[in-house]
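Structural overview
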2 protein chains.
Amino acid sequence: MNPRRPVTLDDVARRAGVSRSAASRVINNAPHVSKAKRDAVLRAVQDLGYVPNASARALATNQVGAVVLALSAEDPQVFAGPFFAEVIVGVTSVLEETDLELMVMLATSARGQTRLEQLLRTRQADGVMLMSMHGDDPIARLAEQSDVPVVFGGRPVNFEPRYYVDADNRGGARLATEHLVAIGRRRIATITGRMDEGAGTARYKGYQEALAVEGLDAGRVVHGDFTEDGGGRAMAELLARHPDLDAVFVASDQMAIGALRVLKDAGKSVPGDVAVVGFNDIATARHTAPPLTTISQPIQSLGHEMARMLLTLTSGETPSPLILPTRLVQRASTTSTVTACSA
Amino acid sequence: MNPRRPVTLDDVARRAGVSRSAASRVINNAPHVSKAKRDAVLRAVQDLGYVPNASARALATNQVGAVVLALSAEDPQVFAGPFFAEVIVGVTSVLEETDLELMVMLATSARGQTRLEQLLRTRQADGVMLMSMHGDDPIARLAEQSDVPVVFGGRPVNFEPRYYVDADNRGGARLATEHLVAIGRRRIATITGRMDEGAGTARYKGYQEALAVEGLDAGRVVHGDFTEDGGGRAMAELLARHPDLDAVFVASDQMAIGALRVLKDAGKSVPGDVAVVGFNDIATARHTAPPLTTISQPIQSLGHEMARMLLTLTSGETPSPLILPTRLVQRASTTSTVTACSA
DNA sequence: CTGAAAGCGCTAACAC
DNA sequence: GTGTTAGCGCTTTCAG
């Protein structure tokens, strides 16, 4: 009732008429406690509404009781999309089963970066999930050498983390491109994402692979930046450089939306003149004109699996990296009725 | 270099040749330390790469060093949208300036609820930001009585929290409705949101107010549930019950999308036969057919202001509640060219 | 099976 | 200004 002084373990022990250590054992359900005492303690906990003090426990055990989900990126707006939120939902769904809290760090400013670095050095969390690093983020290397367990969400370019879960970007891109081939297109272009992000390069590779297999030309390429405007500009350039193209695989839906607009302004019909496939299956994709065929990735699962992997890691086991399958979602921006699934 | 034993304050003190308390004072830049010692300590901190142990500090000061952003809702999918992520970006932008960590709790399961309750009772965080409660969430009352500072994001129905920041839902709805009047519509219907959510009731009130002022009939009402399908069903019902309607204010863009589809299937032209205004300005709104006029709310600011309010609260001051203005974003689903701003 | 005692790393009185 | 001291609430040897 009195919120002034919190209920401590001593209170519980006193109330239950046992020693503090006995009470402690019960609470951490350790062995060597008689049933009688155990029940007494449990009752006292109930009566008093005892909740252990996390800081004290952390100090004593050298375990913080929390893991962090860290996103390292230059622009905070990267987090504003639905992607990040879904990851959190996935992560939470598994953390909920444990006693771990979730801390979120958006390491965007210099200050945020520093804090993340310190975290990695000084074990102020029991584990870290690290996401969406651009290029050669120094944090990535730091994380690999860190004393605290780290799992990566996605893979940075030029760097294969030990533990990661990633969407099958390459397979998804292959799926998209193969689909374009399957519906009879032969002059297939691509608008890539940023080439300093893992997803950007992987999707580009998938495109190349698919066309190589078919013996088709993979030279109709313009590099984009994952933004809507960038997609528009890239599409314009593509049209200028390769006026004969009959399809384009765009490495993100945002860019595809920009591309669709430019295509329309150029008087090209979709999918009549040019078929378009995007990537991500964002909510808007079903409402564009025409609705966008795209590759859907299981974002929530990504969060889920990252958290699970982190748990196995903290429990001392050694997980293997995970690649999550993507799938083709067919809409009106392409025509055929094939369906398929990567991985 | 040796990650085995972390660097402690004692190490720093020894290295700097001062007492532990002196070192402590320097680190918390408290007074009563000579410049010479201060510099020595600072150097030692640098050399050793000392970072204070958060748990120990928390235990000693009875301050956790972290605040939590808690979302209480039945369905975890509620968090999956971009809304939540933007709030986090806003929150982080102010927390970044402090030494506080951000914990995120999705109190969706019974377990999550319990943890949130315990948090409120046992002060395991220095403050709580509580969002999006449905109806009479018991957590809301609990939070008001809690010992730990709580600020609400949005207001639950039937309950005015002491400290909150909310978007001007009512004003936004009024804005939307007035816009419809301004473009010459007279038989204006509405599809409301869930009436057990604050945003749902507030937007409905705004609609009623606007029409009352104009002396127009506010009886063309169907209650929706904030989902796309629900919006479609509601629109169908509206059309059946009030075939004469010439405009509809829909309490969310998701529902508006469903409504647009039904309108199209019914052969109604938008905005020719029926003008439509949504609410929220989600990313998809600019890509619907026709693009959706809607009310935009400053979600990131909402997070920002919640965090700021929490800080003033923890610093012992008494903030006043905040209502953030919304604004009309005009697109092709209405015709006029008026612009305006609530609040 | 049980309890006493020694810390975990830090802060905050309190004397000097 | 400065250092000594006593805890914060919990876990964990270590005897019994």
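So, how was this worked out
- Here the residue numbering is sequential within each chain, running from 1 through the sequence in written order.
- In the order they appear in the text, chains get letters beginning with A and ligands get numbers beginning with 1.
- The model is predicted, so local features are restricted to residues of pLDDT at least 70 and side-chain atom pairs to those at 80 or more, both for listing and for counting; the totals for chains, interfaces and linings are taken over all residues.
- Here the side-chain values reflect all heavy atoms present in the structure, with hydrogen atoms and water set aside.
- UniProt positions are given in the numbering used here, feature names are shortened, and annotations may be inferred rather than shown by experiment.
- A helix here means a DSSP run of H or I that spans at least four residues, while a strand means a run of E at least two residues long, and both kinds are numbered starting from the N terminus.
- Accessible area is worked out with a 1.4 Å probe on protein chains only. A residue is then buried under 20% of its type maximum, exposed over 50%, and partly exposed in between.
- To be near a molecule or strand, a residue needs just one of its heavy atoms within 4 Å of it.
- N or O atoms closer than or at 3.5 Å make up a polar contact, with two conditions inside protein: a donor-capable atom paired with an acceptor-capable one, and, for residues adjacent in sequence, both atoms drawn from side chains.
- Contacts between residues were defined by any pair of non-hydrogen atoms, one from each residue, lying within 4.5 Å.
- A quick way to say it: buried area is the sum, across both parts, of accessible area lost when two parts are put together, with a 1.4 Å probe.
- Counted as salt bridges are all cases of a side-chain nitrogen of Lys or Arg within 4 Å of a carboxyl oxygen of Asp or Glu.
- Only Asp, Glu, Lys and Arg are considered charged in this grouping, and only Ala, Val, Leu, Ile, Met, Phe, Trp, Tyr, Cys and Pro are considered nonpolar; every other residue, Gly among them, is considered polar.
- How far each domain reaches was decided by an automatic or database domain assignment.
- Two strands qualify as a pair provided DSSP detects at least 2 bridges between them.
- Axes here refer to lines fitted to C-alpha atoms; in helices the fit is confined to the stretch in contact. Angles between the N-to-C directions go from 0 to 180 degrees.

As named in an unreviewed UniProt entry, chain A is LacI family transcriptional regulator, taken from Kribbella sindirgiensis.

Glancing now at the UniProt feature "domain: HTH lacI-type" (unreviewed entry) in chain A. Under the local residue numbering, the UniProt record ascribes the feature "domain: HTH lacI-type" (unreviewed entry) to residues 7–61 of chain A. Helix makes up 69% of residues 7–61 of chain A and strand 0%, whereas the separation of the span's terminal C-alpha atoms amounts to 20 Å.

On to helix H1 (residues 9–16) of chain B. Here H1(B) has its buried residues at Leu9(B), Asp11(B), Val12(B), Ala13(B) and Ala16(B). Gly17(B), located one to two residues past H1(B), shows a positive phi value of around 70°.

Our focus in this paragraph is the protein's contact with DNA strand C. In the vicinity of DNA strand C there are 25 residues, among which Arg25(A), Ser34(A), Leu9(B), Tyr50(B) and Arg57(B) approach most closely. Of all atoms in DNA strand C that approach within 4 Å of the protein, 58% are sugar or phosphate atoms. A distance of 2.6 Å separates a phosphate oxygen of DNA strand C from a polar backbone atom of Ser34(A). Side-chain polar atom of Ser24(B) to a phosphate oxygen of DNA strand C: 3.1 Å apart, as the coordinates give it. Listing elements by their share of the surface near DNA strand C, those giving two or more residues are helix H2 (20–27) and helix H4 (54–61) of chain A together with helix H2 (20–27) and helix H4 (54–61) of chain B.

Here the focus is the protein's contact with DNA strand D. Near DNA strand D, the surroundings consist of 25 residues, among which Leu9(A), Tyr50(A), Ser21(B), Arg25(B) and Ser34(B) are the closest. Take the atoms of DNA strand D that sit within 4 Å of the protein: sugar and phosphate atoms are 56% of them. One nitrogen or oxygen atom from the main chain of Asn53(A) is found 3.3 Å from a phosphate oxygen belonging to DNA strand D. Contacts to DNA strand D include Arg25(B), whose side-chain N or O atom sits 2.4 Å from a base oxygen. Taken together, the elements giving at least two residues each to the surface near DNA strand D come down to H2 and H4 of chain A together with H2 and H4 of chain B.

The accessible area lost on association of the parts is a frequent measure of interface size. Across the boundary between the two partners, chain A contributes 53 residues, which contact 52 residues of chain B. When the buried surface of chain A facing chain B is broken down by residue, Glu96(A), Arg115(A) and His287(A) rank first, second and third, together holding 15% of it. Note that Arg111(A) and Asp99(B) form a salt bridge whose closest N and O atoms lie 3.3 Å from each other. Along the contact surface separating chain A from chain B lie 23 residue pairs in polar contact (both at pLDDT 80 or more). Elements represented by at least two residues in the side of chain A that touches chain B include exactly H4, helix H5 (82–95), strand E2 (101–107) and helix H6 (110–122) of chain A. Considering each element in turn, the side of chain A that touches chain B owes the most residues, eight residues, to H5(A). Residue composition of the side of chain A that touches chain B, grouped by class: 25 nonpolar, 17 polar and 11 charged.

Residues and elements named next belong to chain A. Along its sequence, chain A is organised into domain 1 (9–61), domain 2 (66–167 + 299–324) and domain 3 (169–297 + 328–334). Inter-centroid distance (C-alpha atoms) of domain 2 to domain 3 is 29 Å. Each side of the interface is counted separately: domain 2 has 10 residues, and domain 3 has eight residues. Sorting the residues of domain 2 by area buried against domain 3 places Val157, Ala167 and Ile299 first, and these three jointly supply 55% of that buried surface. Where domain 2 touches domain 3, the interface holds zero salt bridges. For the pair domain 2 and domain 3, the interface holds two residue pairs in polar contact (both at pLDDT 80 or more). Taken together, the residues of the side of domain 2 that touches domain 3 sort by class into five nonpolar, two polar and three charged.

This brings us to the sheet that holds strand E6 (residues 188–192) of chain A. Residue and element names in this part refer to chain A. Reading across the sheet, the four strands line up as E7-E6-E8-E9 and stay open at both edges, with parallel pairing between neighbours. Edge positions in the open sheet fall to strand E7 (221–223) and strand E9 (275–277), since each of these has one partner strand only. Averaged over all pairs of adjacent strands, the angle between their axes in this sheet comes to 15°, without regard to strand direction. In this structure, strand E8 (residues 247–250) lies alongside E9, joined through three bridges in parallel fashion. If you follow Ala247 over to E9, its bridge partner there is Ala275.

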